[in-house]
Amino acid sequence: MTKKQATSQTEAPIIDAKIPEGSLAEKWTNYKAHQKLVNPANKRRLDIIVVGTGLAGASAAASLAELGFNVLNFCIQDSPRRAHSIAAQGGINAAKNYQNDGDSVYRLFYDTLKGGDYRAREANVYRLAEVSNSIIDQCVAQGVPFAREYGGLLDNRSFGGAQVSRTFYARGQTGQQLLLGAYSALSRQVGKGSVKLYTRYEMLDVVVIDGRARGIIARNLVTGKVERFSAHAVVVGSGGYGNAFFLSTNAMSCNGSAAIQMYKKGAFFANPAFAQIHPTCIPVHGEFQSKLTLMSESLRNDGRIWVPKKKEDAEAIRQGKLKPTDLKEEDRDYFLERRYPAFGNLVPRDVASRAAKERCDAGYGVGNTGLAVYLDFEDSIKRLGEDVVRARYGNLFQMYEKIVDDNPYKTPMMIYPAIHYTMGGIWVDYELMTTVKGLFCIGEANFSDHGANRLGASALMQGLADGYFILPYTIQNYLADQIRVPRFSTDLPEFEEAEKQISEKIKRIMSIQGKRSVDSIHRELGLVMWDFVGMGRNKEGLEHALERIKEIRKEFWSNVYVPGKSEDMNNELEKALRVADFIEIGELMARDALLREESCGGHFREEYQTEEGEALRNDDDFAFASCWKFNGEGEEPTLFKEMLEYEFVKRQQRNYKA
Amino acid sequence: MEKNINITLKIWRQAGPKVKGKFETYKLDNISTDSSFLEMLDVLNEKLVRERKEPIAFDHDCREGICGMCGLYINGHPHGLDGETTTCQLHMRRFKDGDTITVEPWRSTGFPVIKDLVVNRGAFDKIIQAGGYVSVNTGGIPDGNAIPVPKHQAEEAMDAASCIGCGACVAACKNGSAMLFVAAKVSQFALLPQGQVERAARAKAMVSKMDELGFGNCTNTGACEAECPKAISISHIARLNREYLSAKFKD
């Protein structure tokens with residue numbers, strides 16, 4: 001198996017990302033200077049579908065409408081403002097260097113590339129760092145109430161994986177405030193009639209005519225009717241697929257279905273195995289649990305992470321015989337500070353997560369399950385006073401207390417890693433276009449900028465960069481050729497065929513009438529994913545996962561039960577359609593993880609680690625993005641490679657120790 | 001810490017917007033007090049599915065109290081009796097063994113029922129579309145620090161901006177008024193230099209849209225503030241009234 005894979009890998013065809021010429025700093029400028037544009041009169045004749053209203057989708061829809069395009073914008077919730085970007089807590093990075101602490105575009109680029117364990121595309125990451133400053137200006141102008149210094153200027157805080165303070169924030173609700181900014185810009189365009197908004201609609205397929213994306217099929221979630229929409233280009237910003245794990249920090253409706261639909265219509269799925277496990281989440285506590293709650297990474301600025309130094313103390317704590325506050329300083333193991341003196345509690349997420357798992361696996365974990373570590377604010381409260389800590393993290397502490405019923409001002413928080421974000425996603429070229437012409441993918445849904453691990457406060461940056469400042473340029477380079485193409489009728493056979501297939505799929509699911517609820521199957525899939533495709537992966541486990549996923553697929557398609565009617569609001573049917581796709585994603589993730597015989601970022605193959613237990617990358621064989629092409633139901637996908645040739649940065653072993 | 005309770009639920013069931021609804025009673029045993037209110041409903045729905053009955057439709061998404069999607073009227077209070085809590089953050093430890101819990105949708109002319117506990121809050125989007133923004137296009141913006149904002153003003157604007165648009169204020173109000181929602185947005189921009197240019201026009205446009213959409217008048221009962229999961233103060237309504245009046249005087 002390994003041998004065969006190795007050969008198929010070396011033979012894998014290469015795909016080209018169409019990166020512009022020039023030095024790093026010149027590429028984006030050169031691109032913009034030479035790209036094709038669409039003049040204002042022609043923009044009015046072009047329709048663009050934007051799926052999703054998160055940071056990427058809403059900012060793209062608003063910006064495209066401002067330029068004069070006709071935009072159709074879809075979201076599954078009752079309002080665009082509910083997209084899951086709203087839940088981002090900590091902040092957004094930008095290379096402003098307002099703190100005069102040595103930041104620069106290059107440094108933000110370098111930190112992001114290094115944080116991603118050198119598995120991201122150099123040119124994209126540099127462009128991201130380049131436009132980061134404009135995002136802050138834009139959001140300020142929209143009236144986003146960022147935190148301020150007493151002098152009235154913008155405040156910053158530090159975040160994992162950086163030695164400068166470059167993170168802009170609005171209390172612990174930065175995602176909410178940035179999304180409401182994008183939502184207000186979008187609402188302005190809806191009010192003007194330049195964006196037509198479709199709420200409670202879920203995309204179920206992309207329609208391709210003569211090799212170009214020309215529309216979507218979507219289900220009206222209120223009436224249950226399957227409807228057709230046409231446009232000159234389709235942009236998808238549908239978020240990540242972390243809910244393949246059932247339990248994650250994602251919102252309940254986050255799903256990977258739009259990604260799977262694009263994949264099945266010819267878009268390549270890149271690096272599916274790269275999923276981020278966030279170190280600071282509230283630990284799992286019961287079988288009834290529906291989701292995991294994140295505690296912002298910003299807490300690691302002032303909180304210290306530890307477990308007991310002695311196993312017997314950990315044991316006593318698990319049995320409730322000892323309290324964490326009873327343990328003396330010398331009996332505590334601040335394991336991040338011990339292992340990574342230079343970055344301490346602010347190491348990147350993948351490093352912090354693995355270190356916590358290592359301690360818990362070794363028997364030092366706390367909480368009644370032993371699957372938790374402490375995040376302690378005692379020292380900060382002593383140093384800064386409770387009021388300052390409350391001002392910085394009050395809403396997070398309150399949230400923790402509501403869920404756990406413990407007061408984190410008095411006793412340390414308990415945290416454990418959980419699935420949080422997916423770096424992998426639909427492959428896009430430098431223009432954010434997928435391998436299907438006219439089909440663009442933005443935000444978390446694409447694979448582009450975070451490599452094998454995303455740094456904190458970079459998701460908001462990427463979503464808004466794509467939507468405000470990148471896609472509105474690059475999509476014109478495509479549309480410039482389309483100005484003479486008249487609007488499409490949704491009566492075309494391609495639309496009819498796509499709708500027919502969706503309706504048949506729904507009919508098939510409704511008619512199974514089996515014995516298992518959708519959630520019970522989803523939960524089963526999630527457990528397989530967590531156990532074998534989670535924080536620690538190995539060949540044997542991944543092969544086992546692939547077998548198990550096959551069984552789960554069979555179980556789903558023969559034994560799921562969906563009550564009610566399909567032409568009605570039917571939440572069970574919505575979930576069933578998504579779970580069918582999570583099964584496909586789970587399989588892709590396991591397959592990709594098996595292929596990648598190295599450890600990098602969030603992808604940790606237990607066979608490939610240093611003596612100290614750090615991730616051991618293999619740049620000779622795996623310095624590429626693995627891109628999977630769909631070959632039909634039940635067929636093996638084909639591997640394509642985008643070689644990640646670094647012209648400007650030298651790859652190094654990541655070091656957060658010194 | 002963990003213990004289990006048995007409860008009785010009286011839940012509003014309504015098959016569609018035009019269909020007459022009624023309360024159904026469900027008994028639920030062995031609910032962990034560590035579970036959230038929505039997780040309890042998940043358990044009930046899982047049971048209904050097992051019994052091959054149609055589960056209860058309710059809105060929910062982030063389950064961390066920020067998206068504003070969940071909204072249930074629990075024992076006569078939007079989001080239940082806990083202060084500063086959304087339904088998804090309400091936990092079953094707040095209930096006792098043997099309790100009967102009544103669950104209804106938001107009830108307001110502005111929010112028609114779609115199905116069971118799901119209502120249409122599209123009116124809130126329409127109010128924002130009428131003027132809840134600063135009219136700036138993408139790009140060509142001066143440096144972020146070119147617009148200094150006094151810290152206390154930024155903080156107060158942030159207090160107002162933390163509205164999650166859940167609609168509890170409307171559901172709590174005997175008049176079905178949306179004043180707290182509108183005030184939060186008008187106030188956020190009135191407090192910031194970025195909002196000054198369109199200050200008067202914004203207040204007028206948003207208030208007139210609110211009236212047009214069938215929301216009631218404010219009679220200062222303060223129920224909205226008491227039930228708001230983000231504790232947004234009715235002092236913002238006072239500011240909205242000032243903004244609206246001064247805009248009208250300028251006409």
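Throughout this document, residue positions are counted from 1 along each chain, in the order its sequence is written. Labels follow written order: the first chain is A, the first ligand is 1, and so on. In view of the model being predicted, local features appear only for residues whose pLDDT reaches at least 70, and side-chain atom pairs are presented and counted only at 80 or more, with totals across whole chains, interfaces and linings using the full set of residues.

A closer look at the interface of chain A and chain B
On the chain B side, the residues contacting the 63 residues of chain A number 69 residues. Per the convention used, a helix needs a DSSP run of H or I reaching at least four residues, while a strand needs a run of E reaching at least two, with both numbered from the N terminus. If you list the elements that add at least two residues to the side of chain A that touches chain B, you get helix H4 (55-67), helix H6 (122-142), helix H7 (174-192), helix H13 (386-404), helix H14 (459-479) and helix H18 (571-595) of chain A. It is H7(A) that provides the largest number of residues to the side of chain A that touches chain B, a total of nine residues. Split into classes, the residues belonging to the side of chain A that touches chain B amount to 24 nonpolar, 25 polar and 14 charged. Think of it this way: build a C-beta for each residue from its backbone, and any pair within 7 Å is a contact. Gly falls in the polar group here, along with every residue not listed as nonpolar (Ala, Val, Leu, Ile, Met, Phe, Trp, Tyr, Cys, Pro) or charged (Asp, Glu, Lys, Arg).

Things to note about the domain arrangement of chain B
All names here are of chain B. Each domain's extent is set by a domain assignment, obtained either automatically or from a database. On domain assignment, one finds that chain B holds domain 1 (4-114) and domain 2 (122-250). Using only C-alpha atoms to locate each centre, domain 1 and domain 2 end up separated by 29 Å. If you look at the interface, domain 1 gives 18 residues, while domain 2 gives 18 residues. Along the lines of polarity and charge, the residues of the side of domain 1 that touches domain 2 split into six nonpolar, 10 polar and two charged.

Comments concerning the domain arrangement of chain A
Residue and element names in this part refer to chain A. Splitting chain A by domain gives domain 1 (281-417) and domain 2 (493-625). Here domain 1 and domain 2 have C-alpha centroids that lie 31 Å from each other. Domain 1 puts six residues into the contact, and the matching count from domain 2 is six residues. Residue composition of the side of domain 1 that touches domain 2, grouped by class: one nonpolar, one polar and four charged.

Section: the confidence of the model for chain B
Of all residues in chain B, 99% attain a pLDDT of 70 or more, and the chain-wide mean is 96. Our summary of model confidence lists the complex with pTM equal to 0.96 and ipTM equal to 0.98. The predictor reports its confidence for every residue as pLDDT, a score running from 0 up to 100.

Side note on the sheet that holds strand S2 (residues 70-74) of chain A
Residues and elements named next belong to chain A. Read from one edge to the other, the open sheet built from five strands follows the order S5-S2-S1-S9-S17, with strand pairing classed as parallel. Looking at strand neighbours, the two that pair on one side only are strand S5 (195-198) and strand S17 (439-441), the edges of this open sheet. Going from strand to strand, the sheet's axes swing by 20 degrees on average, the running direction of each strand aside. At least two DSSP bridges between two strands are required for those strands to pair. To define axes, lines are fitted to C-alpha atoms, for helices over the stretch in contact only, and angles between the resulting N-to-C directions are given on a 0 to 180 degree scale.

Some remarks on the packing of helix H16 (residues 518-532) of chain A against helix H17 (residues 539-559) of chain A
All names here are of chain A. The geometry of H16 relative to H17 is characterised by a closest axis approach of 10 Å and an angle of 175 degrees between their N-to-C directions. Between H16 and H17, the angle is such that the two are roughly antiparallel. Of the residues in H17, those touching H16 at Ile521, Glu524, Leu525, Val528 and Phe532 are Gly541, Leu542, His544, Ala545, Arg548, Ile549, Ile552, Glu555 and Phe556. Residue classes in the contact of H16 with H17 are distributed as nine nonpolar, two polar and three charged. If an angle is under 35 degrees, it is roughly parallel; if it is over 145, roughly antiparallel; if it lies from 65 to 115, roughly perpendicular; otherwise it is oblique.

Description of the packing of H4(A) against H7(A)
Residue and element names in this part refer to chain A. At a closest axis distance of 8 Å, the pairing of H4 and H7 adopts a crossing angle of 35 degrees. Here the hand of the crossing between H4 and H7 comes out left-handed. Along its contact with H4, which presents Leu55, Ala58, Ser59, Ala61, Ala62, Ala65 and Glu66, the element H7 presents Leu178, Leu179, Ala182, Tyr183, Ala185, Leu186 and Gln189. Classifying every residue of the contact of H4 with H7 gives 11 nonpolar, two polar and one charged. Handedness of a crossing follows from how the near helix is turned relative to the far one, being left-handed for an anticlockwise turn of less than a right angle and right-handed for a clockwise one.

Considering the confidence of the model for chain A
The pLDDT averaged across chain A works out to 95; a share of 98% of its residues lies at or above 70. Note on residues 1-8 of chain A: pLDDT under 50 across the span, and two contacts to partners over four residues away in sequence or across chains.

Describing the nonpolar core
Nonpolar side chains in soluble globular proteins tend to end up buried together. In terms of nonpolar packing, the biggest core is built from 300 residues, with A:Val235, A:Val373, A:Ile426, B:Leu180 and B:Val182 touching the most fellow members. The biggest single contributor to this core is H18(A), with 13 residues. Apart from the residues lying within four places of it in its own chain, the contact partners of B:Leu180 are B:Cys169, B:Cys224, B:Glu225, B:Cys228, B:Ile232, B:Ile234 and B:Ile237. By definition, a nonpolar core groups buried Ala, Val, Leu, Ile, Met, Phe, Trp, Tyr and Cys residues that connect through C-beta atoms lying within 7 Å of each other. Each residue is classified by how many other C-beta atoms fall within 10 Å of its C-beta atom, where C-beta atoms are placed from the backbone; a count of 20 or more means buried, 12 or fewer means exposed, and values in between mean partly exposed.

Concerning the sheet that holds strand S5 (residues 100-104) of chain B
Residue and element names in this part refer to chain B. The five strands lie next to each other as S2-S1-S5-S3-S4, forming an open sheet whose pairing is mixed. Since the sheet does not close on itself, it has two edges, and those belong to strand S2 (22-32) and strand S4 (77-78), each with one partner. Relative to S4, strand S3 (residues 73-74) runs antiparallel, the two being bridged by two bridges. Residue pairing for S4: Tyr73 is matched across the bridge by Pro78. Strands strand S1 (4-13) and S2 of the sheet are contacted by helix H1 (residues 37-50), whose axis makes an angle of about 105 degrees with S2.

A look at the pairing of strand S14 (residues 373-376) of chain A
Residue and element names in this part refer to chain A. Side chains Val373 and Leu375 project from S14 onto one buried face, and the interleaved Tyr374 and Asp376 project onto a second face that is buried too. As paired elements, strand S12 (residues 304-308) and S14 share three bridges and run antiparallel to each other. Within S14, the position partnered with Ile305 by the bridge is Leu375. Pairing between S14 and strand S15 (residues 413-422): three bridges, direction antiparallel. For Leu375, the partnering residue across the bridge sits in S15 and is Met413.

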